[in-house]
Amino acid sequence: MYTSFIIPCYNCKKYIVTTVKSLINQTIKPQEIILINDASTDGTLEILEQIKTENPKIVKVINLKENKGPSYARNYGVKNSAGDYILFMDSDDVAEPVLIEKYLSRLDE
């Protein structure tokens, strides 16, 4: 099962690294993490590009030139996702290490 996380990012350079690390350190690894920069003005895009450079196989960065809001960013991420299962997170969320494992076990039930 191909799992994708979609995270809208707006001016979140202070905490997005912690959010992404919580996904990368899952007991079952996500296949895709899509980070959508929603026209941030605080240097978030540079942090997202650094995260992508460090994790090129699973991280995808999309840069929106105009701020459209989190709903638009999520929908845009879905259109650009390859996931069978899509999970949404906010840029300041931290996932417990067994989030995907629990999610997939519930689907099996």
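Positions within a chain are numbered from 1, following the residues in the order the chain's sequence is written. Residue-level local features of this predicted model are given only where pLDDT is at least 70; pairs of side-chain atoms are given and counted only at 80 or more, and the full residue set underlies all totals for whole chains, interfaces and linings. Based on all heavy atoms of the structure, the side-chain values leave hydrogens and waters out of the count.

Asker: Tell me about the overall build of the chain, and please be specific about residues and values.
Answerer: To qualify as a helix, a DSSP run of H or I must reach at least 4 residues; to qualify as a strand, a run of E must reach at least 2; elements of each kind are numbered from the N terminus. When helices and strands are tallied, the chain shows four helices and four strands. The order of α-helices and β-strands along the chain, N terminus first, is β-α-β-α-β-α-β-α. Atoms counted for the radius of gyration: C-alpha only. Globule rule: 2.2 Å times residue count to the power 0.38. A compact globule built from 109 residues would reach a C-alpha radius of gyration of about 13 Å, and the chain, at 13 Å, matches this within 12%. Each of the three principal axes of the chain carries a C-alpha extent, and together these read 45 × 25 × 20 Å. Residues classed as buried in the chain amount to 40% of the 109 residues present. Throughout, a contact is declared for two residues whenever any of their heavy atoms are within 4.5 Å. Once local pairs closer than 6 in sequence are excluded, the contacts in the chain between residues at least 24 apart make up 80%. Relative accessibility under 20% of the residue-type maximum defines a buried residue, over 50% an exposed one, and the middle range a partly exposed one, all with a 1.4 Å probe and only protein chains included.

Asker: Quick one: what's the story with helix H3 (residues 70-79), residue by residue and with numbers?
Answerer: Residues Ala73, Arg74 and Gly77 constitute the buried set of H3. Projection of H3 onto a plane perpendicular to its axis shows the buried side chains occupying an angular sector of 100°, all on one side. Facing away from the buried side of H3, by more than 90 degrees, are the exposed residues Ser71 and Lys79. Taking the helix axis as origin, the arc is that swept by the directions to the C-beta atoms.

Asker: For the sheet that holds strand S2 (residues 32-38), give the residues involved together with the corresponding values.
Answerer: If DSSP finds at least two bridges between two strands, the strands pair. Spatially, four strands are ordered S3-S2-S1-S4 in an open sheet, and the strand pairing comes out parallel. Because the sheet does not close on itself, it has two edges, and the strands there are strand S3 (59-64) and strand S4 (85-88). With direction set aside, neighbouring strand axes in the sheet form an average angle of 20°. What counts as an axis is a line fitted to C-alpha atoms, over the stretch in contact for a helix, and the angles between N-to-C directions run from 0 to 180 degrees. Against the sheet, H3 contacts strand S1 (3-9), S2, S3 and S4, and its axis sits at roughly 150° relative to S1.

Asker: Explain the packing of helix H1 (residues 16-24) against helix H2 (residues 44-54) residue by residue, including any values.
Answerer: Between H1 and H2, the shortest axis-to-axis distance is 10 Å and the interhelical angle comes to 25°. Taken together, H1 and H2 sit at an angle that is classed as roughly parallel. Between H1 and H2 lies a crossing whose hand is right-handed. In contact with Ile16, Val17 and Val20 of H1, H2 contributes Ile47, Leu48 and Ile51. Of the residues contributing to the contact of H1 with H2, the split by class is six nonpolar, no polar and no charged. What sets the label is the angle itself: under 35 degrees gives roughly parallel, over 145 gives roughly antiparallel, 65 to 115 gives roughly perpendicular, and the rest give oblique. For a crossing to be left-handed, the near helix must be turned anticlockwise from the far one by less than a right angle; the clockwise case is right-handed. Residues are grouped as follows: Ala, Val, Leu, Ile, Met, Phe, Trp, Tyr, Cys and Pro are nonpolar; Asp, Glu, Lys and Arg are charged; all remaining types, including Gly, are polar.

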